[in-house]
Amino acid sequence: MKKMLGRDVKKYLRLDKLPHIWCAGCGNGIVLRGVLEAIDTLELDKNKVVVVSGIGCSGRSAGYVDFNTLHTAHGRAIPFATGIKLARPELIVLVLTGDGDCAAIGGNHFIHAARRNIDITVIIFNNSIYGMTSGQYSPLTPHSAKATTAPYGNMEQSFDLCKLSINAGATYVARATTFHAMMIPELVVNAILNPGFSVVEVITACPTYYGRLNKMADPITMLEHQKNFAVSKKQALTSLPVELKGRFQIGEISHSEAPEYSREYQKLVNLVHRHKLLKEGNKNTRSFKSV
Amino acid sequence: MNSSEQYLFLQGNEACVEGALFAGLNFFAGYPITPSTEIAELLAKKLPLVGGKFIQMEDEIASIAAVLGASIAGAKAMTATSGPGFSLMQELIGFACIAEVPCVIVNVQRLGPSTGGPTTPAQGDVLQSRWGTHGDHHLIVLAPVFARGIYNMTIRAFNLAEQFRVPVILLLDEIIAHTREKVRISKPGEVAIVNRKKPSTSAESYLPYYADETLVPALADFGEGYRFHITGLLHDETGFPTNDSAKREKLLERLKNKIENYKKEIITFVTEDVEDANVLLFAYGATARSALRAKRDARNAGMKVGIMIPTVIWPFPEEELKVLSEKVNTIIVGEMNQGQLIREVERAVCGKTRVKGIFKVSGEPITPEEFSSAIEEVYK
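The rules behind each value
Residues numbered from 1 in each chain as written. Chains lettered and ligands numbered in written order. Predicted model: local features only at pLDDT ≥ 70, side-chain atom pairs only at ≥ 80, totals over all residues. Helix = DSSP H or I, 4+ residues; strand = E, 2+ residues; numbered from the N terminus. Buried ≥ 20, exposed ≤ 12 C-beta atoms within 10 Å, placed from the backbone. Contact = placed C-beta atoms within 7 Å. Domains from an automatic or database assignment. Nonpolar A, V, L, I, M, F, W, Y, C, P; charged D, E, K, R; others polar. Pairing = 2+ DSSP bridges. Core = buried A, V, L, I, M, F, W, Y, C linked by C-beta atoms within 7 Å. pLDDT = per-residue confidence, 0-100. Axes fitted to C-alpha atoms, helices over the stretch in contact; angles between N-to-C directions. Parallel < 35°, antiparallel > 145°, perpendicular 65-115°, else oblique. Left-handed = near helix turned anticlockwise from the far one by under 90°.

When helices and strands are counted, chain A shows 12 helices and nine strands. Along the three orthogonal principal directions, the C-alpha set of chain A runs to about 90 × 45 × 40 Å. By the burial criterion, 50% of the 291 residues in chain A qualify as buried. The contacts of chain A with a sequence gap of at least 6 include a subset with a gap of at least 24, amounting to 68%.

In C-alpha cells form, the structure reads like this:
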C-alpha cells in the first residue's frame, strides 16, 4: 500500500479561502485532511471530483477544497449528489456532512441513498452537536450528555449511524475518530474505491459547544475521550453488550457487494436502446417489403 | 394537412412529457402525487429510451434536489408535482434562484390547502408559485390552457430556464392535465431549442457568477474542467460567500433585473375581441376555456366582450393589462380559488376600471354560464 499519511495536500486547498471558520480545537480540519490524503493517494483528477456538502460546520468544508464544490441546503447534500452522480456517472462524488445534517434533517435521504447503493462516498463529521447554531443536541448526541436544548441532559437515544447504514444497504461502512487520524485516509480510500454507497463516520471534537457543556472544554480531553471509548472490531466481537455501552467500534465495519444504482441504470439504458433498435429494424424491414 | 405532420391525441400531462422530450429533457426526478403522476410514469418509460435518466426519489424535497444536482452536472432536468409536493419543494426553489440553476417544475394544481382534494381541480397555487420560497426572489411561471399549449409551453419553459438560469414553473391544473386533445408534435428544428450559455474564458480566469450586460452568468457544468463553488449563501462573482453588503445587494438586484428587464420578452398572452370591448374577461388555465366560450356567446348576443388570457402569469403582464383596461369599463376575473391573481389585476388598473371576481373553490370548474351571468349583470 502506498504511503497515505503526511502527504502535501495544499494543492487541494483553496488557500485564499483560509483561514477557515472553525473554532480553535475543532477536529474538522483533521477529518478534511484525511479526505484529501485519500484523494491524493488515489491520484484523482481534480476536475472529476465533486464535493457536495450541506449546512453546518462540516458544510463549510466544500468551500475550502479545490474541486467542483456544491454547498447545498440543510440536509439535502445526498439527493443533490444523487442527481449529479446519475447525470454524470463518470464523476467521483463525495458528500461531506455533519451528524445533524445527515442523520436528522437529511436522515431519510441518507437511508434511501444507501438502499439504492448509489456510488457516493459520504463522510460524516460527527461532533455530537449542532455546532453552527451553538450547541443543540443532535440525533448523535449521547444519552444524558448536555446541550443547550438538553440543559438537564439528553433524554433521547442516539443513532449508531454505521449500523443504520449497513441495514439500509450501504456496501462500505467504516468509522474513525480524529484521535485515530491515521486511520482516516485508508478508510476513505476504500470508501471511494467501493463501487456503491460508502459511509465513513469520523467522530470529531467540538470543544466549544459540546466539550464546554460536558466537562471536556479542553480539546485534548475530548481526544482522550475518543481514544478511551473507541473499540476495535475484535474487541467489539469479544465484549459483552454491557461492556460496550457508550463505546464505538472503529475501523472498517462492513464491506459487501451489491448492484450499484448508476451502473444498473446505464445497463437499463443500453438494454432498452438495443430493443428499440431491434424494433425499428423490424419495422423498416416490413415497410421495405411493402414497397 | 401535410402528411408528414404528426398529431397525437394526448392528455395535458402527456403533452407535457412530449414537449419536455422535444426540448431535450434528459433527467427527471419525482415523487408520485395526484394529479401529476402520469408525467413520472411516462418518463420512467421514455427517458431510458433516449439515454436519459429517471429516478423516483423518497420525497419531493429529494426530487427537486436531484433535479438541481443533475442540472449542475449539465442535464436538462425537470420534476412534476402537485400542491403538497410543491410546498415541500419551496426551499430548494429558492436555492435554484440564488444559485441560478436552470430547471423546470411542473405543478398540476389540485384543491388545497394540505391534502385538500387530491383529484379535484383548483388554481390555488398561483401566489405560491410566485412567492412560495422565502426571501425576495424572481422566477417565471407559465400557465397554458390547452394540451397543445402545454406541449409548446413545456418547450418554452426549458428555453426560458436555460436562457435566464432560473427555475421555471409550469402551472397546470387538474382539468387541463387530464383533458385529452389533439396535439401537433413539432418537427425537429421547427422550434428553436435554447441551451445555457457556456463560459468562453479559461478555467484560471473564470468568474462563475460574473454576468455581462445580459445579466445572466455563463456557468460551466460540473466536470468540465472549471472547478468552482456553488452555494445557497449570498455570494460574489467568484461564487464564494460574502459578507460585503454592497456585493450582496448587487447580487439580489441582478437576480431581480435579469427577469424584470426582460419582461417584454418573457411575457406572453392572448387577446380576442378587445378592440371595441367594454367588458374584458381575464382568466388563465382551465378557467380560460370557460371564459372563451362565454365571450363567444356574449358576442353572438351582441355584447361587446373581449378576453385576455395571460399565458405567462409571473412576471405579471401588468402594463399590457393596464393598456387594455383603459378601453373597458369592467374586467371580470375568473379563478378557481378565493381571489388570488385578481389582486394583481386590481393593482394594475389602479382603481380606474371596475374589477369583478368570479371565484370558486368547490372543486367544480367555473362554467361558461357563470361568466355569462357576470357579463349580463354588468350589462344590466
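Read on, since the account is not over.
All names here are of chain A. Annotation of chain A at the domain level lists domain 1 (10–258) and domain 2 (259–291). Inter-centroid distance (C-alpha atoms) of domain 1 to domain 2 is 43 Å. With 10 residues of domain 1 in contact, the opposing surface of domain 2 contributes six residues.

Attention now moves to the interface of chain A and chain B. Residue-level contacts link 33 residues of chain A with 35 residues of chain B. For the side of chain A that touches chain B, the secondary-structure elements that each account for two or more residues are strand S2 (68–71), helix H3 (77–87), helix H5 (107–116) and helix H12 (261–290) of chain A. Per-element tally for the side of chain A that touches chain B: the top contributor is H3(A), with eight residues. Residue composition of the side of chain A that touches chain B, by class: 15 nonpolar, 11 polar and seven charged. Alignment of S2(A) against strand S10 (residues 229–231) of chain B, held across three bridges, turns out to be parallel.

This next bit is on the nonpolar core. One recurring pattern in soluble globular proteins: nonpolar side chains tend to sit buried together. Grouped together as the largest cluster of nonpolar side chains are 207 residues, with contacts concentrated most on Val50(A), Ile84(A) and Ile123(A). With 10 residues, the top contributor of residues to this core is helix H6 (residues 147–164) of chain B. Contact partners of Ile84(A), with chain neighbours within four places excluded, come to Val50(A), Val52(A), Leu91(A), Val93(A), Gly69(B), Ala70(B), Ile72(B), Ala73(B) and Phe222(B). Core analysis: the second largest hydrophobic core is formed by five residues, Ala218(B), Ala220(B), Tyr226(B) and Phe228(B) among them.

Right, let's get into the confidence of the model for chain A. For chain A, per-residue confidence averages 94 on the pLDDT scale, and residues scoring 70 or more make up 96% of the total. A low-confidence stretch, residues 285–291 of chain A stays under pLDDT 50, and its non-local contacts, those more than four residues away or across chains, total zero contacts.

Attention now moves to the confidence of the model for chain B. Averaged over every residue, the pLDDT of chain B is 97; the share at 70 or more is 99%. Reported confidences for the modelled complex are a pTM of 0.96 and an ipTM of 0.97.

All names here are of chain B. Taken as a whole, chain B is organised into domain 1 (6–185) and domain 2 (269–379). Relative placement of domain 1 and domain 2: their C-alpha centres are 26 Å apart. Elements with a minimum of two residues in the side of domain 1 that touches domain 2: strand S6 (117–121), helix H5 (126–131), strand S7 (140–142), H6, strand S8 (167–173) and helix H7 (174–178). When residues in the side of domain 1 that touches domain 2 are grouped by element, the largest group, four residues, is from H5. Its residues placed into classes, the side of domain 1 that touches domain 2 shows 16 nonpolar, six polar and two charged.

So, about the packing of helix H1 (residues 28–41) of chain A against helix H7 (residues 184–193) of chain A. Residue and element names in this part refer to chain A. Here H1 crosses H7 at 55°, and the two axes come no closer than 8 Å. When the axis of H1 is compared with that of H7, the two are oblique. H7 is crossed by H1, and the crossing has right-handed handedness. For the pair formed by H1 and H7, the contact residues are Val-31, Gly-34, Val-35, Glu-37, Ala-38 and Thr-41 on the first element and Ile-184, Pro-185, Val-188, Val-189 and Ile-192 on the second. Residue composition of the contact of H1 with H7, grouped by class: eight nonpolar, two polar and one charged.

The subject of this paragraph is the pairing of S6(B). Residue and element names in this part refer to chain B. As defined by bridge partners, strand S5 (residues 103–111) adjoins S6 across two bridges and the pair is classed as antiparallel. Within S6, the position partnered with Leu-111 by the bridge is Gly-117. Between S5 and S6, which pair antiparallel one after the other, the connecting turn spans five residues, and Ser-114 there sits at a positive phi close to 55°.

Residues and elements named next belong to chain B. What the five strands build is an open sheet, ordered S11-S13-S12-S15-S16; its pairing is mixed. A strand with exactly one partner marks an edge of an open sheet, and here the two such strands are strand S11 (269–272) and strand S16 (354–359). Geometrically, the sheet is characterised by an average inter-axis angle of 20° between neighbouring strands, direction not taken into account. The pairing of strand S12 (residues 279–283) with strand S13 (residues 305–310) spans four bridges and is classified as parallel. Of the residues in S13, the one forming a bridge with Leu-280 is Gly-306. In the packing of helix H13 (residues 368–379) onto the sheet, contacts are made with S12, S13, strand S15 (330–335) and S16, and the angle to S15 comes to roughly 160°.

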